[in-house]
Amino acid sequence: MVPVQDGPSTDRLLVPPRESNPTGTGSSLRGPRQGSPARRLGMTRRQKDRKDFKEPEDPEERARRYKEQELKPLYKELLYTIKYKLGKPTSNTTYTDTQLQQYIKEAFGMTDTEHESLSEKVENAEKPFYCLKVTVKEAKGILGKDVSGFSDPYCLLTIMQKGQEAKSSSIPSKVQKAVLKDSAKRREVFQTDIKKQTLNPVWDQTFKLVFEDITSNNFHMEMWDKDEEVSLVQKFDEFRTNLHGLKRMIKDAKKEKGTDDFLGSIVLNLQDLHCTEDRWHILQPQTETYPDRGQCHMQFKFIHKERDETLSAGRSPYVNYSGILQQFVQAHISKQKDSSPWKGELCGEGATLLEHYAAQNDISPFLQDLAKWVAYSKLYQSLEVDSTVLFKQLTSIEYHWDQQELPYQQKQELGDSLHDFLQYGLCLVSKYRDIFPPKSTPRLHTLLRVMVQICKTRAFQKLNPAQFDLHDEVIDAVLNGTEEWFNIKKGLHQPMTKDLLETVSALSLLIREVQEDIRLSKDVWNRVFASAVQLDVFTVVYQKLDSLLAEELRDTLSQLENNMDQSLANSLFPVYLSLQAIHKDKAYLQKRGKVLQLTSFHEDFREALPYWLNKAFTTTSERVEKAVHVDQLQPLQTGSVPVKHSSSAVDIAACLQPICQLWEQLSWPDSEEGFMLMVKLTEDMCKIASTYCRLLKSRVKELSDNSDPGSAANMLCVVVNDLEHLRSVLNRLPQQLNWAGLRERTRNVIGETQFQNTLPSQLQHTQALLNREIRAAVDTLGKKMHTDIETFVRRMATRHRLPSRSTEDAVEPLMRYLEEELKYMNENLVQENFNSLLTALWTNSLKILHLVSQQEDSSVVYFQRLQFTLQCLEQCFHAEGNGLPLEMLHTDEYKTLQSLLMLNSMSYQQLIEKFFERKIWEQKVCHGEKYGAVTLIVSYTRSEEKLHVEVLNAVKLIPLDSNGSSDPFVQLSLEPKHVFPQVEQRYTKIKNCDLNPLFEESFEFPVTLEQCQSAGACLLVTVLDHDTLRSDDFEGEAFLSLKAVPGVAGGGAPNPNPAQIRLPLLHPKPNSEATLKLLEARKGDREAQAFVKLRRQRERKSQEASNNEGTTK
């Protein structure tokens, strides 16, 4: 707690409050209070703060007089209390008179001489009368002595000397019961009221019992049941209403009329009592008939009667108690070795003396708590006091408020104390930034809670009935304190001259202070105020600072009109950023009804915006130029992961990043202006990228002129990697700059076409430039490799080398060359550019192989070598998944070349098999019956190794004779011939003049299962038109795959069910089969030439049949 500079240290608690305004208990909290010591002390503080205030006297003289007038009377009161103290203290520790005197001597700072002098005066003072103040509160569980089961209890109280109890009764039978009744005539005995018909009576009556010697006296209390004389009729009525009371009635009949019944007694040794005691006591029986007689609640206090009042010049005990308390607290705190808050505890001697003094002077607990509150709340204004101390006293005051009425003076004092503490608290709240820094927020929270607790107490509401809203008062305090704080900060940062740069710098410093204060209000202080007084202090502070800062901003920027230049614009940028951060904090405001004055603050910076953009572009361009100038175009070596681009590529990425950050920092709220701003930033970044590309080409040319070819190639690889790195940076720009968000903001003001024609087109143009440069560099790297690959391929495929070298040996030089070159490129190119190089090399290699494959008169071995080369190249470029993916390798050119080389590499038998596989596929996909159809029933018996074929019929045959009909028959043959060399052709009978002949002829072919499952194995069904004078005409042909015949396909059942199959007839198309062309090209192969001859003949027959059909029609 920040100490408050007090005026004179005179303890005004020692002076009784003046009743200057008897009707002023209801005065408003806002109005001045003149009657309380605390209020007068506050006025003294305000007077001392004035510059013309002068001390009225010398401090030493004032201290001497204070000691004489204030401390010494209190000291005598304490010596008197020690000398005549009664009862044990509440604490377990007992102190001797010497210890207590030594304590007060140190606490009051008395010398030995002063102590002796004051002790002598106390010795000569009048001795007090000792009294035991007894309050009989209540009893519970007492005996029921009446017929009704209840009693009419009352209590007798007195103090008797020890040993005199037995002498108080002259009747032996009454010795154990009527101790006080028999002594009533000889001794002062007090009696409580009689409580009718109850077993739990409540009296709450207080008596003062005088005694002389505490060591020789006992306290006696007897409880009796009052019995009154009643008539026989009344007794009979009671008997009729309560049959269970018969035994009690018989017993009552035996005793004397009007004799009370004994209920129990309590005897206490005065020496065993504490100076203040409050507890339940067990009623003791005098006989063992009814041992359990209940309990009685009593309060005891040893007080002084007719105490010498000359010791403190007639001051009230309450004022003396307050002064003693404050002196003890100050003495205790002065001895504390650490700086921790005082928690309200005193040493044992101090607590014992306060307890005895309060008891002797019969100061009520309420007045004690009042004195403590006044002292502790005052102490809070000068020292750090733990909050629990104040809370405890407020709770006690609230507890006692309805139980005891305070005197008028004390009411005034309590009201003034509460009022002054609230005023002091509000003063501290207004200065919470300085008094309660972020690390001291618990102290602020405690202060606010205490103020809330004060306003909740009934004492405050009664003594200050005027309308008082703590919530509004705290808001006013915060607003006033915020404005005062802002003006102080503004004065601290006031420029020394009228220079515009200094003016902007001062504004920037002030805004930073405001920004930090808003952050603390949001993150730190708002939790404190919200928790204690349910106040959103962040909103209050933000709105106040918003208006103050807006006015200051307008005043400063008005001085810059028509004077803007680059230096002023640069100095304004931090101001804009700070205001931007402050403006973003408005999202945390709880009440947004009020229009903020800084809402459109960006409009005041339009004049500086072009300078900011120009500064960013110029600075970035200069940094890029310097980065390229010092770049040696060598790969960076950082860490375990190799970096294949050079230093300038890293620099340009770093240089472009601040421009992206500039867009985020500006956060320009106007959507249309924000779009134009984005266009400008994108244009600048594209210009910088183009400039970097141009500078990099010049740099590599400069360094390559004086380098060997290997170093030049290495630098070219680095350049390609640098450009690829720049392209990846540009590709991320739309995401980094959040173009999608900008598009949403501008959807209502910027059309889609305009948006796409500006931002994306700019970026695409620059990316296209980079792509061209990358392709050109990659082509330069791959140009030499293209020539080398072609040389290796042609050398490998040279005809005179074919017999001398194996295919593997012929391909090895090419593979070894590619392995070395591609390894080098992979080490020096990033993956994207390496893949681009691989793609170009692969495409070129396919072209080379295709050109070489066009060489005439090439042998099968030649094409086999080319095919093996293609396979090796595919494995090399794929590199087990580390190179190009297979989908990129298997282009249309690759598939065409692979098919070409595969067919040319086959033997004539394989080509014939391919031919029939092609025909079988054509048969499957044919669905029309243009040339008719033939129906067969086929099956294969594995056990007999026989193929069973039954020709059922043919339908829809084309007429080939001049009479408009045909003489059809069917020719059956198994193909290819090299698979079925021993199987002869079979023929059906000729059906004259029938276009839908019914044959129903069966045939068997002895063939093995292996033959039927061979590649291209099929049943060739040819339908011919018989001619007597010339060769038979061709009606059509059909191909049935033997793999589909029952018995060949499936599990091979012993007796498979034959399948009836209808096959459309086909006509071969002239020169449509690539396999025939390949077979035809093999002039030296007689078997191939014979097969080609047969098929060509059939093509001619097909053509003739088509011509005859047309003639017939």
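Since we're looking at a predicted model, the values are computed, not measured.

Asks: Help me understand the overall build of the protein, please; the structure alone is not making it clear to me.
Replies: Scanning the protein from N- to C-terminus turns up 36 helices and 16 strands. Going through the 1113 residues of the protein one by one, you find that 49% of them count as buried. A sequence separation of at least 24 residues applies to 78% of the contacts in the protein between residues at least 6 apart. As displayed, the protein has an accessible area near 55200 Å², and 50% of this comes from carbon and sulfur atoms.

Asks: Whenever I open this one, the sheet that holds strand β8 (residues 295-305) confuses me. Can you help?
Replies: The strands making up a sheet are joined through hydrogen bonds of the backbone, oriented either antiparallel or parallel. Strands sit in the order β4-β1-β8-β7 across an open sheet of four strands; the sheet is antiparallel. Here the strands that pair on one side only, and so sit at the sheet edges, are β4 (202-211) and β7 (276-282). Averaged over all pairs of adjacent strands, the angle between their axes in this sheet comes to 20°, without regard to strand direction. In this fold helix α9 (residues 348-360) packs onto β7 and β8, with an angle of close to 90° to the strand it touches most, β8.

Asks: Is there a simple way to think about the environment of K989 in this case?
Replies: Within the secondary structure, K989 sits in the loop between β12 (986-987) and β13 (998-1006). Of the residues examined, K989 reaches a relative accessible area of 58% and is grouped as exposed. Placed 12 residues apart in sequence, K989 and E1001 show a C-alpha to C-alpha distance of 8.3 Å. Beyond its immediate chain neighbours, meaning those up to four positions away, K989 contacts P968, F969, F999 and E1001.

Asks: Help me understand the pairing of β8 in this model?
Replies: Each regular strand carries side chains that alternate between the two faces of the sheet. The buried count for β8 comes to eight of 11 residues, which makes it a mostly enclosed element. Direction of pairing for strand β1 (residues 129-140) relative to β8: antiparallel, over a ladder of 11 bridges. From the neighbouring strand, E138 faces β8, where its bridge partner is H297. Where β7 lies against β8, seven bridges are found, and the strand directions are antiparallel. Each residue of the ladder has a partner; that of R279, found in β8, is M298.

Asks: Sorry if this is basic, but what is going on with the layout of surface pockets here?
Replies: Gaps left between atoms show up when a probe the size of a water molecule is rolled over them. Space inside the largest pocket adds up to approximately 1300 Å³. Along the wall of the largest pocket there are 39 residues; nearest its centre are T276, S364, P365, Q368 and H400. Among the elements of the structure, β1, β4, β7, β8, α9, α10 (365-380) and α11 (387-401) are those that each provide at least two residues to the lining of the largest pocket. A breakdown of the residues in the lining of the largest pocket according to their chemical character gives 13 nonpolar, 13 polar and 13 charged.

Asks: Would you mind showing me how to read α11 here?
Replies: The α-helix winds at 3.6 residues per turn, so residues separated by three or four positions along the chain end up facing the same way. Between its terminal C-alpha atoms α11 stretches 21 Å, which fits the 21 Å expected from 15 residues at 1.5 Å a residue. Among the 15 residues that make up α11, 11 are buried, leaving the element largely enclosed by the rest of the structure. Within α11 the residues assigned to the buried category are S387, V389, L390, F391, Q393, L394, S396, I397, E398, H400 and W401. Contacts made by the buried residues of α11 are with α10, α12 (408-430), α14 (441-456) and α15 (458-463).

Asks: Which parts of the structure should I look at to understand the packing of aromatic side chains?
Replies: For any pair of aromatic rings, the description rests on two quantities: the centre-to-centre distance and the angle between the ring planes. Applying the stated criterion to the full structure yields 33 aromatic pairs. Between Y576 and F605, the aromatic rings sit 5.3 Å apart at their centres with planes inclined by 80°, giving edge-to-face as the arrangement. Within this pair, whereas Y576 is found in helix α19 (residues 566-584), its partner F605 is found in the loop between α19 and α20 (609-629), the two being separated by 29 residues in sequence. Within the aromatic cluster, the residues linked to one another by ring pairs are F573, Y576, F601, F605, W612 and W668. Sitting over the ring of W485, R433 keeps its end group 5.1 Å from the ring centre. Over the ring of F1005 we find R986, and its NZ or CZ is 4.9 Å from the ring centre.

Asks: Sorry, what's going on with the pattern of salt bridges here?
Replies: Across all of its chains, the model carries 47 salt bridges by this definition. E70 is the partner of R315 in a salt bridge, and the nearest nitrogen-oxygen pair spans 3.2 Å. Within this pair, whereas R315 is found in the loop between β8 and α8 (317-334), its partner E70 is found in helix α2 (residues 59-83), the two being separated by 245 residues in sequence. A residue is classified by how much of its surface remains accessible, and E70, at 7% relative accessible area, is buried. A salt bridge links D260 to K226; its shortest N-O distance comes to 4.0 Å. Of this pair, D260 sits in the loop between α7 (246-254) and β6 (261-269) while K226 sits in the loop between β5 (217-225) and α6 (232-241), and the two are 34 residues apart along the sequence.

Asks: Please explain the packing of helix α29 (residues 831-853) against helix α30 (residues 860-878) as it appears in this structure.
Replies: Each packed pair of helices is defined by two parameters, the angle between the axes and the distance between the axes. Running from amino to carboxyl end, α29 crosses α30 at an angle of 175°, the nearest separation of the two axes being 11 Å. It follows that α29 is roughly antiparallel to α30 by the angle criterion. Contacts between α29 and α30 involve L838, L841, W842, S845, L846, L849, V852 and S853 from the first element and Y862, F863, L866, T869, L870, L873, E874 and F877 from the second. Here the residues of the contact of α29 with α30 sort into 12 nonpolar, three polar and one charged.

Asks: I'm lost on the side chain of T457 in this one. Help?
Replies: For T457, the location among the structural elements is in the loop between α14 and α15. Using a relative accessible area of 2% as the deciding quantity, one classes T457 as buried. At 2.6 Å, the side chain of T457 forms a polar contact with the backbone oxygen of I454.

Asks: Please clarify how the sheet that holds β13 should be interpreted in this entry.
Replies: If you trace the four strands from one edge of the open sheet to the other, you get β13-β10-β9-β16, paired in antiparallel fashion. Each having just a single partner strand, β13 and β16 (1059-1064) make up the two edges of the open sheet. Going from strand to strand, the sheet's axes swing by 25° on average, the running direction of each strand aside. Alignment of strand β10 (residues 946-955) against β13, held across seven bridges, turns out to be antiparallel. Looking across to β13, one finds that K946 is bridged to P1006.

Thresholds applied
Residues numbered from 1 in each chain as written. Predicted model: local features only at pLDDT ≥ 70, side-chain atom pairs only at ≥ 80, totals over all residues. Heavy atoms only, no water. Helix = DSSP H or I, 4+ residues; strand = E, 2+ residues; numbered from the N terminus. Buried < 20%, exposed > 50% of the residue type's maximum accessible area, 1.4 Å probe, protein only. Contact = heavy atoms within 4.5 Å. Areas by Shrake-Rupley, 256 points an atom, 1.4 Å probe, with all protein chains shown as cover. Pairing = 2+ DSSP bridges. Axes fitted to C-alpha atoms, helices over the stretch in contact; angles between N-to-C directions. 1 Å grid on protein atoms, 1.4 Å probe; cavity = no way out; pocket = protein on both sides within 12 Å on 5 of 7 lines; lining within 4 Å. Points joined across faces, edges and corners; volume = space filled by probe spheres on them. Nonpolar A, V, L, I, M, F, W, Y, C, P; charged D, E, K, R; others polar. Expected span 1.5 Å × (residues − 1). Phe/Tyr/Trp six-rings, centres within 6.5 Å; stacked < 30°, edge-to-face > 60°. Lys NZ or Arg CZ within 6 Å of the ring centre and 35° of its normal. Salt bridge = Lys/Arg side-chain N within 4 Å of Asp/Glu carboxyl O. Parallel < 35°, antiparallel > 145°, perpendicular 65-115°, else oblique. Polar contact = N/O pair within 3.5 Å; in protein donor to acceptor, adjacent residues only side chain to side chain.

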